[in-house]
Amino acid sequence: MAYGRSSMDCSISIVIFVKVMVMKFYKNIVNVAWITLITITFLAWLIVEEMNLGLWGTFAIIILSALKVNIVSRVFMEVKTAALPAYAIFFKAWIFAVVIIFFSFFAYQRGL
Amino acid sequence: MKKNYEDVVINEHLSTDSKSSGVWIFVSIDMAIFLLFFIVFLSERNNNVSLFISSQEHLNITIGFINTVFLITSSWLVASAIQSIRRNAPHKSILLLNLALLFGFLFVFFKLYEYTEKFNAGISIIGNYFYLFYFLLTFIHFAHVIGGIVALFIVRRNLVTSFDEKVLPVAEVVGVYWHMVDLLWIVLFPLLYLLR
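The model shown is predicted, which means the values in this text are computed figures rather than measured ones. (Residues numbered from 1 in each chain as written. Chains lettered and ligands numbered in written order. Predicted model: local features only at pLDDT ≥ 70, side-chain atom pairs only at ≥ 80, totals over all residues. Heavy atoms only, no water.)

S.K.: How should I be thinking about helix α2 (residues 29-50) of chain A in this particular structure?
M.R.: Within an α-helix, residues lying three or four positions from one another point in the same direction, as the helix has 3.6 residues per turn. If you check α2(A), its first and last C-alpha atoms are 31 Å apart, about what 22 residues at 1.5 Å a residue would give, namely 32 Å. One side-chain oxygen at the N-terminal end of α2(A) lies 3.1 Å from the backbone nitrogen of Val30(A); it belongs to Asn28(A). (Helix = DSSP H or I, 4+ residues; strand = E, 2+ residues; numbered from the N terminus. Expected span 1.5 Å × (residues − 1). Polar contact = N/O pair within 3.5 Å; in protein donor to acceptor, adjacent residues only side chain to side chain.)

S.K.: Looking at this structure, I do not really get the nonpolar core. What am I missing?
M.R.: Side chains of nonpolar character tend, in soluble globular proteins, to be buried together. The biggest cluster of nonpolar side chains holds 95 residues, and the ones touching the most others in it are Phe76(A), Met77(A), Trp94(A), Phe38(B), Phe41(B) and Leu192(B). Broken down by secondary-structure element, the contributors of at least two residues to this core are α2, α3 (55-76) and α5 (85-109) of chain A together with α1 (2-47), α3 (61-86), α4 (90-120), α5 (129-161) and α6 (167-194) of chain B. The greatest single-element share of this core, amounting to 19 residues, is contributed by α6(B). Excluding its chain neighbours within four sequence positions, the residues that come into contact with Leu192(B) are Phe41(B), Gln56(B), Leu59(B), Phe130(B), Tyr134(B), Leu137(B) and Thr138(B). (Core = buried A, V, L, I, M, F, W, Y, C linked by side-chain atoms within 4.5 Å. Buried < 20%, exposed > 50% of the residue type's maximum accessible area, 1.4 Å probe, protein only. Contact = heavy atoms within 4.5 Å.)

S.K.: I would appreciate a short explanation of the interface of chain A and chain B in the present structure.
M.R.: Accessible area lost during the coming together of the parts is what is often quoted as the interface size. Taken residue by residue, the interface counts 40 residues in chain A and 43 residues in chain B. Of the roughly 3900 Å² buried between chain A and chain B on both sides combined, carbon and sulfur atoms contribute 77%. Three residues stand out in chain A for area buried against chain B, namely Met77(A), Trp94(A) and Phe105(A), and they jointly supply 18% of the buried area on that side. Here chain A and chain B share one salt bridge between them. On inspection of chain A and its partner chain B, the count reaches six residue pairs in polar contact (both at pLDDT 80 or more). Contributing elements (two or more residues each) for the side of chain A that touches chain B: α2, α3, α4 (79-82) and α5 of chain A. (Buried area = accessible area lost by both parts, 1.4 Å probe. Salt bridge = Lys/Arg side-chain N within 4 Å of Asp/Glu carboxyl O.)

S.K.: Explain the packing of α3(B) against α6(B) to me, please; I cannot follow it from the model alone.
M.R.: All names here are of chain B. Where α3 contacts α6, the axes come no closer than 9 Å and their chain directions differ by 160 degrees. Taken together, the axis directions place α3 and α6 in an arrangement best described as roughly antiparallel. In the packing of α3 onto α6, the handedness of the crossing is left-handed. Class assignment for the residues of the contact of α3 with α6 results in 18 nonpolar, seven polar and three charged. (Axes fitted to C-alpha atoms, helices over the stretch in contact; angles between N-to-C directions. Parallel < 35°, antiparallel > 145°, perpendicular 65-115°, else oblique. Left-handed = near helix turned anticlockwise from the far one by under 90°. Nonpolar A, V, L, I, M, F, W, Y, C, P; charged D, E, K, R; others polar.)

S.K.: Help me understand the environment of Val22(A) in this model?
M.R.: Residues and elements named next belong to chain A. Here Val22 is to be found in helix α1 (residues 7-27). On the accessibility criterion, Val22 (40% relative accessible area) is partly exposed. The sequence separation of Val22 and Ile38 amounts to 16 residues, and the corresponding C-alpha distance is 17 Å.

Below you can see the structure in the form of structure tokens.
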């Protein structure tokens, strides 16, 4: 109060500061990609450690892994903007091949 | 004089492009080789499913998970450092690179701990086909991580000594390599540890 500001004003300004920082953090696609990747990794670990790794568990891990590979190549590696179109095609083909490998692994396991 | 200056600019541009192109070729070949490894692994696994599943149970999923988080975080820090270099913020980029290196070292530490754990349990590369693949694939990847750490140190040194226009292309090239290391681990982790 000595400086004309109550503790309420101070806490409001802290809240606003934190809100601005969080908004700034989420504005950057690289940060959003990191949060998404960590969440996906945690989900995959949770599925394996805490749940029975059945048909849908394995399927979920394949999808989550493919999603992670896609996010890293597109956002972190900036394949779309930095590389020549030929490399972007190569990366798409590589991700597709990895997904095929995962699914054939899955299909063999299930006797399909 | 003007013409000479333009030549210099064009040459510099070309050399940057060729550097960048070089790393993309290297990354593409490396990823293609790893893809072959994955196919061979899958083929061998289909011949010995029970052996692969029983051996897989001896792997520490939690360490694999922690290492995945470390590599993803390190990759994010490198991407953020490159953004900072583009925004002409050398101090922030040095700090981010230091943190990226720290997470790289943590990955190395945990990987060495995992290897030691396996060796102490009497598991080695000649144990069976699964361990042959496990040690071969993870060790090749581990060597890539060491190479990446050295490359990140070079970028860091360049940033500390002189922050000029030559820093960004080198940082981008090293960044692409480091993200590839991350990318390969993202496939190796479910393939070796998770999928059963």
